[in-house]
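Analysis of the macromolecular model
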Amino acid sequence: MNDPNNTKEKVIRCAIDLFATKGFRGTSIRDIASAMGMSISNIYHYFGSKEGLLLAILEYASGLLVDGLKEIAASELEPVDRFRRMLVTHIRLSRENYREAKMFFLDEDHLAPEGKEVNRQIQRNVLAIYLDQLEALQKQGLVKSRSLTVTAFNIFALINWHMRWFDPEGPLTLDETIEEIVSFVMHGIGGP
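We now examine the packing of helix 1 (residues 7-22) against helix 3 (residues 40-47). Here helix 1 crosses helix 3 at 105°, and the two axes come no closer than 11 Å. By the angle between their directions, the pair helix 1 and helix 3 is classed as roughly perpendicular. Residues Thr 7, Lys 8, Val 11 and Ile 12 of helix 1 pack against Ile 43, Tyr 46 and Phe 47 of helix 3.

Pasting the structure below:
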């Protein structure tokens, strides 16, 4: 998508800004159309509904993450190095695309059943990448877990939670914070 002249992408970027600032419920299609200087019908033409726009944002944001993780997962790095790089990339992409990442924290109540399924499929794609990497580490005896799915969800909780508390003006830089999180995960998956 990354074409700055693409009207659809411009609408998505504008909606991300408004949803991140005013919330999903607090932002109307009229607000987005007004900010874009276009008619409401143009937005409906591209996305069909406000939910359709939200799903386009989720797919846009998840595409950045999934593509980044897949690229690392396919690399020739040793499994430990690959997993470490995956964690760093996931956290860094979450920070670099903070407004987009906030869309994943929206309540699924905003979505119809079809939208919920699209959102869950995005989540399953990310989970599958992590499970493959955790299985490779487990085969090398480096992960001690009765449930790799629970392990992956715990990792996601760490990554997602940092989005709420990390302060760029705080005592640790982003790089230092990433290293703390990655170190915690890498020591935690090894078990006692």
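Having seen the model, we can carry on.
In helix packing, the relevant descriptors are the interaxial angle and the interaxial distance, both defined with respect to the helix axes. Taken N-terminus to C-terminus, the directions of helix 1 and helix 2 (residues 29-36) make an angle of 125°; their axes are 10 Å apart at the nearest point. Comparing their axes, helix 2 and helix 1 come out oblique. Judged by the twist between their axes, the crossing of helix 1 over helix 2 is right-handed. Contacts between helix 1 and helix 2 involve Lys 10, Val 11, Cys 14, Ala 15, Leu 18, Phe 19 and Lys 22 on the former and, on the latter, Asp 31, Ile 32, Ala 35 and Met 36.

What follows covers the side chain of Arg 82. The topology assignment puts Arg 82 in helix 5 (residues 79-96). One buried charge, Arg 82, has no salt-bridge partner; the nearest side chain with opposite charge is Glu 76, at 6.6 Å. Leave out the neighbours within four places in its chain, and Arg 82 touches Ile 72, Ala 73, Ser 75, Leu 77, Gln 133 and Ala 136.

Turning to the nonpolar core, a few remarks are in order. One finds Phe 83, Leu 87, Tyr 130, Ile 155 and Ile 189 to be the most contacted residues of the largest nonpolar core, which totals 28 residues. The element best represented in this core is helix 7 (residues 113-139), accounting for 7 residues. In this structure, Phe 83 is in contact with Tyr 130, Gln 133, Leu 134, Leu 137, Ile 155, Val 185, Met 186 and Ile 189, ignoring residues within four places of it in sequence.

In this section: helix 8 (residues 148-165). Helical geometry note: an α-helix holds 3.6 residues per turn, so side chains three or four residues apart project in the same direction. Taking 1.5 Å per residue as the helical rise, helix 8 with its 18 residues ought to reach 26 Å, and the 26 Å between its terminal C-alpha atoms agrees with that figure. Residues of helix 8 that are buried include every one of Leu 148, Thr 151, Ala 152, Ile 155, Phe 156, Ile 159, His 162 and Met 163, and no others. Viewed along the axis of helix 8, the buried residues span an arc of 140°, placing them on a single side of the element. Set apart from the buried face of helix 8 by more than 90 degrees, the exposed residues are Trp 161 and Arg 164.

What counts and what doesn't
- Residues numbered from 1 in each chain as written.
- Predicted model: local features only at pLDDT ≥ 70, side-chain atom pairs only at ≥ 80, totals over all residues.
- Heavy atoms only, no water.
- Axes fitted to C-alpha atoms, helices over the stretch in contact; angles between N-to-C directions.
- Helix = DSSP H or I, 4+ residues; strand = E, 2+ residues; numbered from the N terminus.
- Parallel < 35°, antiparallel > 145°, perpendicular 65-115°, else oblique.
- Contact = heavy atoms within 4.5 Å.
- Left-handed = near helix turned anticlockwise from the far one by under 90°.
- Buried < 20%, exposed > 50% of the residue type's maximum accessible area, 1.4 Å probe, protein only.
- Lys, Arg positive; Asp, Glu negative; His and termini not counted.
- Salt bridge = Lys/Arg side-chain N within 4 Å of Asp/Glu carboxyl O.
- Core = buried A, V, L, I, M, F, W, Y, C linked by side-chain atoms within 4.5 Å.
- Expected span 1.5 Å × (residues − 1).
- Arc of directions from axis to C-beta.

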